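Architecture and fold: a report
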Amino acid sequence: MSEFDLIVRNARCATAADVFDADIAIRDGRIAALGRKLPPGREEIDAAGRWVLPGGIDGHCHFDQPMTDGSRMADDFLSGTRSAACGGTTTVLPFACQLKGQSLRAAVEDYHRRAEGKACIDYAFHMIVSDPGPRVLRHELPELIREGYTSFKIYMTYDDLKLGDREIIDVLAVARDEGAMVMVHAENTDCIAWLTERLLRAGRTAPRYHAQARPMLVEREATHRAISYAELVDVPILIVHVSGREAVEQIRWAQGNGLRVYAETCPQYLFLTAEDLGVEEDGHGRMHGAKCICSPPPRDKANQQVIWDGLESGVFQVFSSDHAPFRLDGPDGKMAAGPDASFDRIPNGIPGVETRLPLLFSHGVLGGRLDICQFVALTSTNVAKMYGLYPRKGSIAVGADADLVIWETGVSRTIRNADLHHEVDYTPYEGIPVSAWPALTLSRGQAVWRDGRYVGEAGRGKFLRCELPTPARPKASRETA
Ligand code: URP
Ligand code: ZN
Ligand code: ZN
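Bear in mind that the values here come from a model prediction, so they are computed numbers and not experimental data. (Residues numbered from 1 in each chain as written. Chains lettered and ligands numbered in written order. Predicted model: local features only at pLDDT ≥ 70, side-chain atom pairs only at ≥ 80, totals over all residues. Heavy atoms only, no water.)

1. Considerations on the packing of helix 4 (residues 165-178) against helix 7 (residues 216-233)
Close contact between helix 4 and helix 7 brings their axes to 10 Å; oriented N to C, the two are set at 45 degrees. The angle between the axes of helix 4 and helix 7 places the two elements in the oblique class. For helix 4 against helix 7, the interelement crossing comes out right-handed. Residue-level inspection shows Asp165, Ile168, Ile169, Leu172, Ala173 and Arg176 of helix 4 in contact with helix 7, the latter providing Arg225, Tyr229, Ala230, Leu232 and Val233. Its residues assigned to classes, the contact of helix 4 with helix 7 shows 8 nonpolar, no polar and 3 charged. (Axes fitted to C-alpha atoms, helices over the stretch in contact; angles between N-to-C directions. Helix = DSSP H or I, 4+ residues; strand = E, 2+ residues; numbered from the N terminus. Parallel < 35°, antiparallel > 145°, perpendicular 65-115°, else oblique. Left-handed = near helix turned anticlockwise from the far one by under 90°. Contact = heavy atoms within 4.5 Å. Nonpolar A, V, L, I, M, F, W, Y, C, P; charged D, E, K, R; others polar.)

2. So, the sheet that holds strand 7 (residues 89-92)
Hydrogen bonds between backbone groups are what pair the strands of a sheet, and the pairing can be parallel or antiparallel. Spatially, 3 strands are ordered 6-7-9 in an open sheet, and the strand pairing comes out parallel. Edge positions in the open sheet fall to strand 6 (56-58) and strand 9 (122-123), since each of these has one partner strand only. Looking at chain direction, strand 7 and strand 9 are connected through 2 bridges and run parallel. Looking at strand 9, one finds that Val92 is bridged to Tyr123. (Pairing = 2+ DSSP bridges.)

3. Digging into the pattern of salt bridges
Within this structure, the stated rule accounts for 35 salt bridges. A salt bridge links Asp401 to Arg30; the shortest N-O distance between them is 3.8 Å. Of this pair, Asp401 sits in the loop between helix 13 (372-386) and strand 16 (404-414) while Arg30 sits in strand 3 (residues 30-35), and the two are 371 residues apart along the sequence. For Asp401, a relative accessible area of 2% gives the class buried. Looking at Arg30, the relative accessible area reads 39%, which means it is partly exposed. (Salt bridge = Lys/Arg side-chain N within 4 Å of Asp/Glu carboxyl O. Buried < 20%, exposed > 50% of the residue type's maximum accessible area, 1.4 Å probe, protein only.)

4. Looking at the site of ligand 1
Near ligand 1, the surroundings consist of 13 residues, among which His62, Lys153, His185, Ser295 and Asp322 are the closest. Contact distances for ligand 1 include 2.8 Å between an oxygen atom and a side-chain N or O atom of Lys153. In this structure, Asn348 approaches ligand 1 through a main-chain N or O atom, which is 3.3 Å from a nitrogen atom. Here ligand 1 loses 95% of its free accessible area of 260 Å² to cover by the protein chains. (Near = heavy atom within 4 Å. Polar contact = N/O pair within 3.5 Å; in protein donor to acceptor, adjacent residues only side chain to side chain. Areas by Shrake-Rupley, 256 points an atom, 1.4 Å probe, with all protein chains shown as cover.)

5. Some points on the coordination of the zinc ion (ligand 2)
Distances from the zinc ion (ligand 2) to its protein donors, Lys153 (NZ), His185 (ND1) and His241 (NE2), fall within 2.1 Å. Look at where the donors of the zinc ion (ligand 2) fall in the sequence and you get K-x31-H-x55-H. Here the zinc ion (ligand 3) and the zinc ion (ligand 2) are spaced 4.0 Å from one another. A residue pair is termed long-range when its members are at least 10 positions apart, and Lys153 in strand 11 (residues 151-155) and His241 in the loop between strand 13 (237-239) and helix 8 (245-256) qualify at 88 residues. (Donors = N, O, S within 2.8 Å, 3.2 Å for Na, K, Ca; no water.)

6. Observations concerning the environment of Gly333
Structurally, Gly333 is set in the loop between strand 15 (318-319) and helix 12 (356-365). The sequence separation of Gly333 and Ile346 amounts to 13 residues, and the corresponding C-alpha distance is 8.3 Å.

7. Looking at the sheet that holds strand 11
Reading across the sheet, the 7 strands line up as 8-10-11-12-13-14-15 and stay open at both edges, with parallel pairing between neighbours. In the strand order of this sheet, the two ends are held by strand 8 (95-97) and strand 15, each with one partner.

8. Describing the coordination of the zinc ion (ligand 3)
On the protein side, the zinc ion (ligand 3) has His60 (NE2), His62 (NE2) and Asp322 (OD) as donor atoms, found 1.9 to 2.0 Å from it. One way to put it: the 4 donor atoms around the zinc ion (ligand 3) meet at angles of 90 to 122 degrees, and that makes the site tetrahedral. Mapped onto the sequence, the donors of the zinc ion (ligand 3) take the spacing H-x1-H-x259-D. (Tetrahedral: all angles 85-135°; square planar, octahedral: opposite > 155°, others 65-115°.)

9. Points about the nonpolar core
Ranked by internal contacts, the top residues of the largest apolar core, which has 110 residues, are Phe152 and Ile237. Counting residues per element, this core draws most heavily on helix 7, which supplies 6 residues. Each residue touching Phe152, except ones within four places of it in the same chain, is listed here: Met127, Val129, Leu141, Ile145, Val171, Ala175, Ala180, Met181, Val182 and Met183. Counting 21 residues, the second largest nonpolar core, distinct from the first, contains Ile57, Leu161, Val383 and Cys466. (Core = buried A, V, L, I, M, F, W, Y, C linked by side-chain atoms within 4.5 Å.)

10. As for helix 3 (residues 134-146)
Taking 1.5 Å of rise per residue, the 13 residues of helix 3 would be expected to cover 18 Å, and the 18 Å separating its terminal C-alpha atoms lies within 8% of that figure. Along helix 3, the sharpest kink reaches roughly 35 degrees, centred on Glu140 and followed within four residues by the proline Pro142. Turning to helix 3, its buried residues are Val136, Leu137, Glu140, Leu141, Pro142, Leu144 and Ile145. In this structure, the buried residues of helix 3 make contact with helix 2 (104-115), strand 10 (126-128), strand 11 and helix 4. Phi for Gly148, located one or two positions after helix 3, is positive at around 110 degrees. (Expected span 1.5 Å × (residues − 1). Bend = angle between axes of the 7 residues up to and from the residue.)

11. Considerations on the packing of aromatic side chains
Enumeration according to the criterion identifies 15 aromatic pairs in this entry. For the ring pair Phe375 and Trp407, a centre distance of 6.1 Å and an interplane angle of 85 degrees mean the geometry is edge-to-face. With a gap of 32 residues between them, Phe375 in helix 13 and Trp407 in strand 16 connect regions that are remote in the sequence. Note on accessibility: Phe375 and Trp407 belong to one class, buried. The structure contains a cluster of three or more aromatic residues connected by ring pairs, namely Phe63, Phe77, Tyr111, Tyr123, Phe125, Tyr149 and Phe463. Above the plane of the ring of Tyr390 lies Lys385, whose end atom (NZ or CZ) is 4.8 Å from the centre. (Phe/Tyr/Trp six-rings, centres within 6.5 Å; stacked < 30°, edge-to-face > 60°. Lys NZ or Arg CZ within 6 Å of the ring centre and 35° of its normal.)

12. A look at unusual backbone geometry
Cis geometry is adopted by the peptide bond preceding Pro296, which originates at Ser295 and carries an omega value of -5 degrees. Take Pro296: it is sitting in the loop between helix 10 (285-290) and helix 11 (301-313). The omega torsion across Tyr390 and Pro391 is 10 degrees, close enough to zero to call that bond cis. Among the secondary structure elements, Pro391 is positioned in the loop between helix 13 and strand 16. A positive phi angle, near 35 degrees, is found at His241, a position not held by glycine. His241 gets classed as buried once you look at its relative accessible area, which sits at 1%.

Structure follows, in structure tokens:
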């Protein structure tokens, strides 16, 4: 009887630090040995000539999150993790969202019920803190952080989620005391409200005006303010879904001055522009532009380049999908308010959990912009380190979970929603070519995606408690390392 359940043979492995050739032996869902000419396993897979990478970790995605505007997320933990697995992701971190007036613990307990029995890959929770009253600040938040919910998101916009400045400072202080990571959605809510009112009064209601209601200055100002508060309180923060130059400049300034300011960006800021929200004469109607409404909005080609440069130079530590799945059609989708709905009545967010890795591998690594180790760092290792899942997740190492992806490169494929596994009726990336796609995704040694087929099992995914303090957060910037 073999001592190993599975051997992935002749793997060309990459981690965030190294590239090496090895056989990977898996036992009881973990990597049991790395070496050459390992003895036979009960099952063998030949990976000769192909990259074998740590499974992707999506550190920012929304599944089955309760909404207050009548909309509903199309993906729950079943379809969301299925879609993730088919695109090479083996761990997800969606958000247990506190609604205003709700206890934070109740939000976390509710989210566990939503996840129960559904996930096919492992998952941890971030929290969203929207109502930091005394009980939350003194009891619930510190206790939940100590119980393994070590990161939470705060919003500087959206009426149902946003915090005031004093509230932001108060929650940052709790994060400092407890060692938690705070993710910040940085957009200035009052500027957005003022601009939105003016646009609507002028009859400028089409989706393209969403970008005009949220110009870069509102992101720049809020990013600057969040950084200032983090400096005041002396706590690390992560600015999420950074869209372009002006926010990047703020982050670069902070990193250059030794502040622990981390940054995340997402595919929409590399592959979409404001023109995808519709142009005057495109003839597609509002549906087309509604597909790409997300916040911050996509910018222009020059800003795409700034984001690519930031990924390459180390301004960004994390590349996430911000998968926020709303159908276009249907009573709870993007167009629920009708075909002439003004931009401010269209739910914000776009799907992307399955396409995140193939897009970045194809256009980043194979496109010559990123090396393979940077790809692993941005999409897996740094995420695991940021949120306290490393070294169990995010690496190829003896003792780590056998979350592995064998990549097929040299494929000639175009992204089509019909090929994806989410429950959303569109992808904003329709028609974009990709030259890499996972051939096999292993979650703790078990195939969940193999040769173009989903082979996962709902309920097999385990909930992960995140560690505190994180063993080693990534450096805030390569230049300041
Ligand atoms: O537009 C977006 N990004 N929607 C999802 C929620 C969020 O702010 O991340
Ligand atoms: Zn956000
Ligand atoms: Zn989000």
